[in-house]
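The primary structure of each chain is shown beneath.
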Amino acid sequence: MLVPSVAASSAIGRIASDTVPGGWNPGTGVSGTGRASGVLECVPYARQLSGIHIYGDAHTWWSQAKGRYARGHMPRVGAVMAVEPHNNSRLGHVATVSRIVDSRTILLSHANWSYRGQIERNVTALDVSPGNDWSEVRIWYGPNRNLGTTHWPVAGFIYNARPGTLRDLGPDLGGNRLAQISAPTKAGTKRQQRRRDPIGEIIAGTY
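Residues numbered from 1 in each chain as written. Predicted model: local features only at pLDDT ≥ 70, side-chain atom pairs only at ≥ 80, totals over all residues. Heavy atoms only, no water.

Peer 1: What should I look at first to understand the overall build of the protein in this one?
Peer 2: A count of helical and extended segments in the protein gives 5 helices and 8 strands. When the helices and strands of the protein are read in sequence order from the N terminus, they spell out α-α-α-β-β-β-β-β-β-β-β-α-α. Across the 207 residues in the protein, those meeting the buried criterion constitute 46%. Accessible area for the protein stands at about 10,500 Å²; split by element, carbon and sulfur atoms hold 49% of it. (Helix = DSSP H or I, 4+ residues; strand = E, 2+ residues; numbered from the N terminus. Buried < 20%, exposed > 50% of the residue type's maximum accessible area, 1.4 Å probe, protein only. Areas by Shrake-Rupley, 256 points an atom, 1.4 Å probe, with all protein chains shown as cover.)

Below, the structure is given as structure tokens:
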């Protein structure tokens, strides 16, 4: 796992805290952070939101989905992001994608993350993987009112569709689509391409 330098981490944090076009702030999300009463685990909430009928601990969802649901490595609205066990999280985590913001940023709705047994809606997850493949993310942490610093490993995304029915080319459901980064055709276009993925360039040290 690549650990960015202190300077890179600081730069990523500045980008994550900026307001993006349209008035949306990556910290608070479209409709803000919501917390419901009662105690709820991440699994039943993800199952309810996504319609994906998998049971058992979160870390088993990715393997359970094989052969039952379409799986991939690009977020789609309504898909479940399967976070692998890491550090003190031994059971993993699942969260439902509620919006695609850009090629590095999505909004999640999930339970039992920042606050024990509570729901958070439309909060930020930032792709910090070197290859922009959503294999590592930082996720909004409510008590700090900012993105957490941990790079959480992601197994992939589970889609509410049969295996083989979706191509893993990025989200195109619900009117949301990831920005596609095309390969440069001339040397002069390399700077423009870098500007489309500044976080990736910061991680690589070439921004």
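Peer 1: Quick question: what am I supposed to make of the nonpolar core here?
Peer 2: In globular proteins that are soluble, nonpolar side chains generally tend to be buried together. Met81, Ile106, Leu108, Val137, Ile139 and Phe157 are the most contacted members of the largest nonpolar core, which has 20 residues in total. Of all the secondary structure elements, the ones that give two or more residues to this core are strand S2 (80–83), strand S3 (93–102), strand S4 (105–111), strand S6 (136–141) and strand S8 (152–159). When residues in this core are grouped by element, the largest group, 4 residues, is from S8. Ala58, Ala65, Tyr69 and Val94 belong to the second largest nonpolar core, which has 15 residues in total. (Core = buried A, V, L, I, M, F, W, Y, C linked by side-chain atoms within 4.5 Å.)

Peer 1: Hey, could you run me through unusual backbone geometry in this one?
Peer 2: The general pattern is negative phi for most residues beyond glycine and trans for most peptide bonds. Phi angles above zero are rare outside glycine, and asparagine 122 is one such case at about 55°. With respect to the secondary-structure elements, asparagine 122 resides in strand S5 (residues 119–127). Residues other than glycine seldom take positive phi values, yet tryptophan 134 does so here, at roughly 60°. Tracing the sequence through the fold places tryptophan 134 in the loop between S5 and S6. The exposure class of tryptophan 134 is buried, given its relative accessible area of 1%.

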